[in-house]
Amino acid sequence: KAAKKPEYTKEFDEFYDACPTPSKRGGKAEPFKIWGSLDAEDRSLALKAAPTWKRQMASRDPDKVPHLATWLNQRRWEGFADQSKEREMAWAPGI
């Protein structure tokens, strides 16, 4: 019996599309499983950090881009979220 394909949420698809593409991307199922185990705040932070991560990985060899499941499991968005927040504050007048 074939495994049932998960129904991805709109939020996850937005996140997935915002992330860099490693040469051996793997599937969406494993990252989606991890995504579902994160609380709403962590999902929000990861979603905000994804574009920064994608920009930083753009010039990198695709073989060196971490798989999305690895990035989520190791909570690597935390460093990227901090960078995004610093950039927003630098551009926010009066803060």
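Scoring rules and cut-offs
Residues numbered from 1 in each chain as written. Predicted model: local features only at pLDDT ≥ 70, side-chain atom pairs only at ≥ 80, totals over all residues. Heavy atoms only, no water. Helix = DSSP H or I, 4+ residues; strand = E, 2+ residues; numbered from the N terminus. Contact = heavy atoms within 4.5 Å. Salt bridge = Lys/Arg side-chain N within 4 Å of Asp/Glu carboxyl O. Buried < 20%, exposed > 50% of the residue type's maximum accessible area, 1.4 Å probe, protein only. Arc of directions from axis to C-beta. Axes fitted to C-alpha atoms, helices over the stretch in contact; angles between N-to-C directions. Parallel < 35°, antiparallel > 145°, perpendicular 65-115°, else oblique. Left-handed = near helix turned anticlockwise from the far one by under 90°.

Digging into the side chain of Asp-42
Item 1. Within the secondary structure layout, Asp-42 lies in helix H3 (residues 40-57).
Item 2. Residues contacting Asp-42, with those up to four places away along its chain left out, are Arg-75 and Trp-77.

Digging into the pattern of salt bridges
Item 1. Applying the stated criterion to the full structure yields four salt bridges.
Item 2. The partner of Arg-75 in a salt bridge is Glu-78, and the shortest N-O contact between them spans 2.8 Å.
Item 3. Given the relative accessible area of 32%, Arg-75 is considered partly exposed.
Item 4. The class for Glu-78 is partly exposed, based on a relative accessible area of 37%.

Brief notes about helix H1 (residues 10-18)
An α-helix turns once per 3.6 residues; consequently, residues spaced three or four apart project the same way.
Item 1. Every buried residue belonging to H1 is among Phe-12, Phe-15, Tyr-16 and Ala-18, and all of these are buried. Here the buried residues of H1 occupy an arc of 165° about the axis, which is enough to place them on one side. More than 90 degrees from the buried face of H1, the exposed residues found are Lys-10 and Asp-17.

Some thoughts on the environment of Pro-62
Item 1. Residue placement: Pro-62 occurs in the loop between H3 and helix H4 (68-73).
Item 2. The spacing of Pro-62 and Thr-21 is 41 residues in sequence and 7.1 Å in space, taken between C-alpha atoms.

A look at the packing of H1 against helix H2 (residues 29-37)
Item 1. Put simply, H1 and H2 touch, their axes get as near as 11 Å, and they point 120° apart. The angle between the axes of H1 and H2 places the two elements in the oblique class. The hand of the H1/H2 crossing is right-handed. Of the residues in H2, those in contact with Glu-11, Phe-12 and Phe-15 of H1 are Pro-31, Phe-32 and Trp-35.

What to know about the environment of Gly-79
Item 1. Mapped onto the elements of the fold, Gly-79 is located in helix H5 (residues 77-91).
Item 2. Looking at Gly-79, the relative accessible area reads 36%, which means it is partly exposed.
Item 3. Separated by 26 residues in sequence, Gly-79 and Trp-53 have C-alpha atoms that sit 9.5 Å apart.

Quick notes on the environment of Gly-26
Item 1. As for its placement among the helices and strands, Gly-26 is situated in the loop between H1 and H2.
Item 2. Relative accessible area serves as the criterion here: at 55%, Gly-26 is assigned to the exposed category.
Item 3. Separated by 41 residues in the primary sequence, Gly-26 and His-67 have C-alpha atoms spaced 7.4 Å apart.
Item 4. Every residue in contact with Gly-26, bar those within four places of it in the chain, is listed here: Tyr-16 and His-67.

A closer look at H2
Item 1. Where H2 is concerned, the buried positions are Pro-31, Phe-32, Ile-34 and Trp-35. Looking straight down H2, one finds its buried side chains confined to an arc of 160°; they lie on one side. Exposed and facing more than 90 degrees away from the buried side of H2 are Lys-33, Gly-36 and Ser-37.
Item 2. Looking at the packing, one finds that the buried side of H2 touches H1, H3 and H4.

By themselves, these figures tell us nothing about what the structure is for.
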